[in-house]
Amino acid sequence: MKKINALVLSLALFSTLSSAQTGGSYTMTKSVIAGGGGQASGGSYTMTSTIGQSIAGNATTGGNYRLLPGFWSPDSLNKTPFDFDGDGKSDVGIFRPSDGSWWINRSTAGIFVAAFGRTGDRPTPADYTGDGSTDVAVWRPSDGNWYVLRSENSSYFALPFGQTGDIPVAADYDGDGTAEVGVFRPGNNVWYVNRNRSGLLIQQFGANGDVPVPKGYSP
């Protein structure tokens, strides 16, 4: 009985916390019990959201570890599209095909400009790394390559997926908190998605003239 009472008291104390918790090389901006939804970052890792929530499915990454899944807030499963600064709000932005530049007016971090892409590329912004922020990205129809600029450290990666004539349809198809690369092929109305957790998805869905509309799709 004493142990149960101590646990109840501990939970009550956590539920009243609202200021930041700090220690070592990190800062946790919300309590693990009081609502969740904050972000803990520092050192070589970033923790998106907090524990103590009822829905699982996001990932903790950084340093040399990856924790998947954990206990996370519902917000981590329903990410805001085009949120380049991770504050939960969509940001106004453009991709300029004439010179391959991105101009993003981030709601909390000011204007961000990046030269990433070239004429003919298709903008495909999404959170490919699971850090809670949208990454600048393009799909190149001429060679079927995806190019992603990581929001957390400004490094980039490229991978081939698709062919000329495809339509890029990046989205989170397996609920792991990160976007997967995918294409819709109008010639046969087949979706091809490289899912992170469950492998390649090949599914025919649609008819001639249809336009794919996954979450966050950019025409």
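Residues numbered from 1 in each chain as written. Predicted model: local features only at pLDDT ≥ 70, side-chain atom pairs only at ≥ 80, totals over all residues. Heavy atoms only, no water.

Within the secondary structure, Phe84 is located in the loop between strand 6 (65–67) and strand 7 (92–96). Residue class for Phe84 comes out buried when judged on its relative accessible area of 11%. As a C-alpha pair, Phe84 and Gly132 span 48 residues in sequence and 8.6 Å in three-dimensional space. Residues within four places of Phe84 in sequence aside, it is in contact with Asp91, Ile104, Arg106, Pro125, Ser133, Thr134, Asp135 and Val136. (Helix = DSSP H or I, 4+ residues; strand = E, 2+ residues; numbered from the N terminus. Buried < 20%, exposed > 50% of the residue type's maximum accessible area, 1.4 Å probe, protein only. Contact = heavy atoms within 4.5 Å.)

Right, let's get into unusual backbone geometry. Positioned with a positive phi, Phe82 is a non-glycine residue whose angle comes to about 60 degrees. Along the polypeptide, Phe82 turns up in the loop between strand 6 and strand 7. Despite not being glycine, Ser154 has its phi angle at roughly 65 degrees, a positive value. Summarising the element assignment, Ser154 is placed in the loop between strand 12 (145–149) and strand 13 (156–160).

Turning our eyes to something else, we now look at the sheet that holds strand 10 (residues 122–123). Neighbouring strands of a sheet are bound in pairs by backbone hydrogen bonds; such pairs are parallel or else antiparallel. Reading across from one edge, 10-11-12-13 is the order of the 4 strands in this open sheet, with antiparallel pairing throughout. Among the strands making up the open sheet, the edge pair consists of strand 10 and strand 13. In the sheet, strand 10 pairs with strand 11 (residues 136–140) via 2 bridges, with the strands oriented antiparallel. Bridge assignment links Pro123 to a residue of strand 11, and that residue is Val138. (Pairing = 2+ DSSP bridges.)

Here we take up the sheet that holds strand 16 (residues 190–195). The 4 strands lie next to each other as 14-15-16-17, forming an open sheet whose pairing is antiparallel. At either end of the open sheet lies a strand with only one pairing partner, and these are strand 14 (167–168) and strand 17 (199–204). Bridge analysis of strand 16 against strand 17 gives 6 bridges, and the strand direction is antiparallel. The residue bridging Trp191 from the neighbouring strand is Gln203, located in strand 17.

The subject of this paragraph is the pattern of salt bridges. Counted under the stated rule, the structure contains 2 salt bridges. Measuring nitrogen to oxygen at the nearest pair gives 2.7 Å for the salt bridge that ties Arg185 to Asp166. With Arg185 in strand 15 (residues 182–185) and Asp166 in the loop between strand 13 and strand 14, this pair connects stretches of sequence that are 19 residues apart. Given a relative accessible area of 18%, Arg185 falls into the buried group. Judged by its relative accessible area of 4%, Asp166 is buried. (Salt bridge = Lys/Arg side-chain N within 4 Å of Asp/Glu carboxyl O.)

This part is about the confidence of the model for the chain. When pLDDT is averaged across the chain, the result is 75; 62% of the residues are at 70 or more. Note that pLDDT drops below 50 for residues 1–40; the model gives that stretch 58 contacts with residues more than four away or on any other chain. Here residues 50–77 is a poorly scored stretch, pLDDT under 50, and it has 76 contacts once near neighbours within four places are set aside; other chains count. (pLDDT = per-residue confidence, 0-100.)

With that settled, the discussion passes to the environment of Leu201. Residue position: Leu201 is located in strand 17. Sequence separation between Leu201 and Tyr173 is 28 residues, and the spatial gap between their C-alpha atoms is 9.3 Å. Ignoring any residue separated from it by four or fewer positions in sequence, one finds Leu201 in contact with Trp191, Tyr192, Val193 and Arg195.

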